Amino acid sequence: MTSCRAQDIRLTERFRTAGQGPESTSAFDLSCCDGRIIADNDERRLAPDRVVNVMGSGAARAQANVALAKYWGKRNEALNLPYTGSISITLAGLETFAQVDFDASLQSDSLELNGVAAKQDEARKLSSFLDLIRRQSGVSRRARVELRSNFPVAAGLASSASTFAAFAAAATRAAGMCLTDQELSALARRGSGSAARSVFGGFVEWLAGEADDGTDSYATQLAPPEHWDLGIVVAVTAAEPKAVGSREGMARTAKESPFFPVWLQVHDADLEAVRAAIRVRDLALLGQAAERNCLAMHAVALTARPPLLYWNPGTIAVMQRVWSLREQGVEAYFSIDAGPQVKILCPMEQRDAVADGIRGVAGVQRVLLSQPGSGVQHVEVG
Ligand code: 2P0
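Residues numbered from 1 in each chain as written. Predicted model: local features only at pLDDT ≥ 70, side-chain atom pairs only at ≥ 80, totals over all residues. Heavy atoms only, no water.

## Observations concerning the confidence of the model for the protein
To keep things clear, this is the line we draw: The predictor attaches a confidence to each residue, and that confidence, scored 0 to 100, is pLDDT. Any two residues whose heavy atoms approach within 4.5 Å are treated as being in contact.
For the protein, per-residue confidence averages 87 on the pLDDT scale, and residues scoring 70 or more make up 84% of the total. In this model, residues 1-42 is a region of pLDDT below 50 whose contacts with residues beyond four sequence positions or in other chains number 96 contacts.

## Observations concerning the nonpolar core
Under the convention used in this document: Here, the term nonpolar core denotes a set of buried Ala, Val, Leu, Ile, Met, Phe, Trp, Tyr and Cys residues that are joined through side-chain atoms within 4.5 Å. The buried label applies to any residue whose accessible area, calculated with a 1.4 Å probe on protein chains only, is under 20% of its type's maximum; exposed applies above 50%, and partly exposed to all values in between. Each helix is a run of DSSP H or I of at least 4 residues and each strand a run of E of at least 2, with the numbering of both proceeding from the N terminus. Domain delimitation in this document rests on an assignment produced automatically or drawn from a domain database.
Core analysis: the biggest nonpolar cluster contains 54 residues, and Trp-72, Val-100, Phe-102, Leu-130, Ile-133, Val-145 and Phe-167 have the highest contact counts within it. With 9 residues, helix 3 (residues 159-174) is the largest single contributor of residues to this core. Mapping this core onto the domain boundaries places at least three of its residues in each of domain 1 (13-228 + 373-378) and domain 2 (230-370). Apart from residues no more than four positions distant in its own chain, Val-100 is found in contact with Gly-56, Ser-57, Gly-58, Leu-130, Ala-143, Arg-144, Val-145, Phe-167, Ala-170, Ala-171 and Ala-174. With 28 residues, the next largest nonpolar core counts Leu-68, Phe-151, Ile-278 and Tyr-333 among its residues.

## Re the site of the ligand
Threshold: Proximity criterion: a residue is near a molecule or strand once any of its heavy atoms comes within 4 Å of it. Contacts described as polar in this section are N or O atom pairs within 3.5 Å, which, within protein, must combine one atom able to donate a hydrogen with one able to accept it, while residues neighboring in sequence count only if both atoms come from side chains. Here, Shrake-Rupley sampling with a 1.4 Å probe gives the accessible areas, and only protein chains in the shown set may cover a residue. Charged residues are taken to be Asp, Glu, Lys and Arg, nonpolar residues to be Ala, Val, Leu, Ile, Met, Phe, Trp, Tyr, Cys and Pro, and polar residues to be all remaining types, Gly included.
Around the ligand sit 17 residues in total, of which Tyr-71, Lys-74, Ser-192, Ser-194 and Arg-247 are the nearest. Between Ser-192 and the ligand, the recorded distance is 2.7 Å, taken from a side-chain N or O atom to an oxygen atom. Here Arg-247 contributes a side-chain N or O atom positioned 2.7 Å from an oxygen atom of the ligand. Burial of the ligand by the protein amounts to 94% of the accessible area it has alone, namely 460 Å². The element contributing the most residues to the shell around the ligand is helix 6 (residues 246-256), with 3 residues. Counted by class, the shell around the ligand contains 6 nonpolar, 6 polar and 5 charged residues. Looking at the shell around the ligand, you find at least three residues from each of domain 1 (13-228 + 373-378) and domain 2 (230-370).

## Re helix 10 (residues 351-359)
Applied cut-off: Throughout, the arc means the angular range of directions from the helix axis out to the C-beta atoms.
Here helix 10 has its buried residues at Arg-351, Val-354, Ala-355, Gly-357 and Ile-358. Angularly, the buried residues of helix 10 cover 160° about the axis, an arc narrow enough to put them on a single face. Summarising the contacts, the buried residues of helix 10 are in contact with strand 10 (230-236), helix 9 (313-327), strand 12 (342-347) and strand 13 (366-370).

## Here we look at the packing of helix 2 (residues 120-137) against helix 3
Applied cut-off: The angle between two axes is taken between their N-to-C directions and runs from 0 to 180 degrees, where each axis is a line fitted to C-alpha atoms and a helix contributes only its stretch in contact. For classification purposes, an angle smaller than 35 degrees is called roughly parallel, one larger than 145 roughly antiparallel, one from 65 to 115 roughly perpendicular, and anything else oblique. Put simply, a crossing is left-handed when the front helix is turned counterclockwise from the back one by less than a right angle, and right-handed when it is turned clockwise.
It is at 11 Å that the axes of helix 2 and helix 3 come closest, and there the two elements cross at 40°. On the basis of their axis angle, the class for helix 2 and helix 3 is oblique. Regarding helix 2 and helix 3, the two cross each other, and that crossing is right-handed. The residues of helix 3 that touch helix 2, namely those facing Lys-125, Leu-126, Phe-129, Leu-130 and Ile-133, are Phe-164, Phe-167, Ala-168, Ala-171 and Thr-172. Tallied by class, residues from the contact of helix 2 with helix 3 come to 8 nonpolar, 1 polar and 1 charged.

## Observations concerning helix 9
Every α-helix winds through 3.6 residues per turn, so residues three or four apart in the chain are directed the same way. The condition is simple: Residue count minus one, scaled by 1.5 Å, sets the expected span of a helix.
Spanning 15 residues, helix 9 covers 21 Å between terminal C-alpha atoms, matching the ideal 21 Å at 1.5 Å per step. Those residues of helix 9 lying buried are Gly-314, Thr-315, Val-318, Met-319, Val-322 and Leu-325. Buried residues in helix 9, looked at end-on, bunch into an arc of 145°, giving them a common side. Away from its buried face, by an angle of more than 90 degrees, helix 9 presents the exposed residues Pro-313 and Glu-327. Contact partners of the buried residues in helix 9: strand 10, helix 8 (283-302), strand 11 (333-335), strand 12 and helix 10. Downstream of helix 9 by one or two residues, Gly-329 has phi in the positive range, about 95°.

## What to know about the environment of Phe-97
Summarising the element assignment, Phe-97 is placed in strand 4 (residues 86-103). Setting aside residues no more than four positions away along its own chain, Phe-97 makes contact with Ala-59, Ala-60, Arg-61, Glu-146, Leu-147, Arg-148 and Val-379.

## Looking at the packing of aromatic side chains
This is how the line gets drawn: By convention, a stacked pair of Phe, Tyr or Trp rings (six-membered ring in the case of Trp) has centres within 6.5 Å and planes under 30 degrees apart, an edge-to-face pair has planes over 60 apart, and any other such pair is tilted.
Enumeration according to the criterion identifies 8 aromatic pairs in this entry. Geometrically, the ring pair formed by Trp-72 and Tyr-310 is edge-to-face, given 6.0 Å between the ring centres and 90° between the ring planes. On the criterion of sequence distance, the pair formed by Trp-72 in the loop between strand 1 (57-69) and strand 2 (74-76) and Tyr-310 in the loop between helix 8 and helix 9 is long-range, its members being 238 residues apart. Judged on exposure class, the residue Trp-72 and its partner Tyr-310 are both buried. Taking the centre distance of 5.3 Å and the plane angle of 40° together, the rings of Phe-129 and Phe-167 count as tilted. Here the residue Phe-129 occupies a position in helix 2, and Phe-167 occupies one in helix 3, the gap between them amounting to 38 residues. Residue Phe-129 is classed as buried on the basis of its relative accessible area of 3%. Among the aromatic residues, those joined into a cluster by ring pairs are Phe-129, Phe-164 and Phe-167.

This is the structure we're talking about:
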């Protein structure tokens, strides 16, 4: 289990590697942290020695992820506890920056998303997350929060994953909380399930866990980004937010699809195949399992009542192009999360060719190039 001290040192290393100057380790008195693990759903205050030097401000960046074996259905909606484990790749370049300032002069939280004041439902979600951090840290001040993503948000590109991973890191830093990576992952999960995975870079598994309180439901890194030089191409077929969000979509599916038990039954084998494929870097095994799991998730969503269809004609055209590229010998495989965008896995040396093959497809608005990316990074503020 990672100690808090190790986490902070590693974050510092990541920051330096990213070439963005020295990290402010002075924000923490590291000697206070003994690595004891708190329950992620704990509404109590952290022990006094786990809240140190409240800086008031913190900033962090995190990247989106694409799920290869997907999270679709919660056994506990309040705590974002999934029925199944899931595995993802963190996506380099699809990034959210978060800055949090606890400010005694504020009467209420001031929340901005991409330069615009958060809408009522977004604000409620962000403030509830801050409340959790306030309860755990004992900080009572309201916060000024700025969140910026460099890709279409709420459109099936896992913006909530990068948002809550960055937000959790920035807010806990601002509140002076001393957390391990595992604790940060479990905390980010409370904001959005998939955010648990974006805390880590590379190839990441979120463990479903069994405990009712969620203490064993957090992500862990299966392999770092450099483990496998995979190319990832993202075909953006719509930039506007989806009609039905993931939260409502998975709740409706779990409750209203007669096939939901079948989804749970088939998921384990896909999870195992994806895990094994990553271990031995077998793209055919990985791609086939990812496509199978993706299609099963969308099939079960389609059979919810009323049905959920996240695709548009461009989505289907890209899927068909991927299949035809494969017939021509290009090792390309798709996955689609809860939205119309398509993420394509391929060998890095074929990434440009795949992107060229996708650009001409009707309905494709933009093509983004990615690869396995790094985990959450603290950023110096001020
Ligand atoms: C995933 N998705 O594994 C799956 C696949 C979308 C399809 O996790 O309710 O935004 O905030 O926990 O994490 C998107 O759902 O949902 C998602 P909440 P989240 O990536």
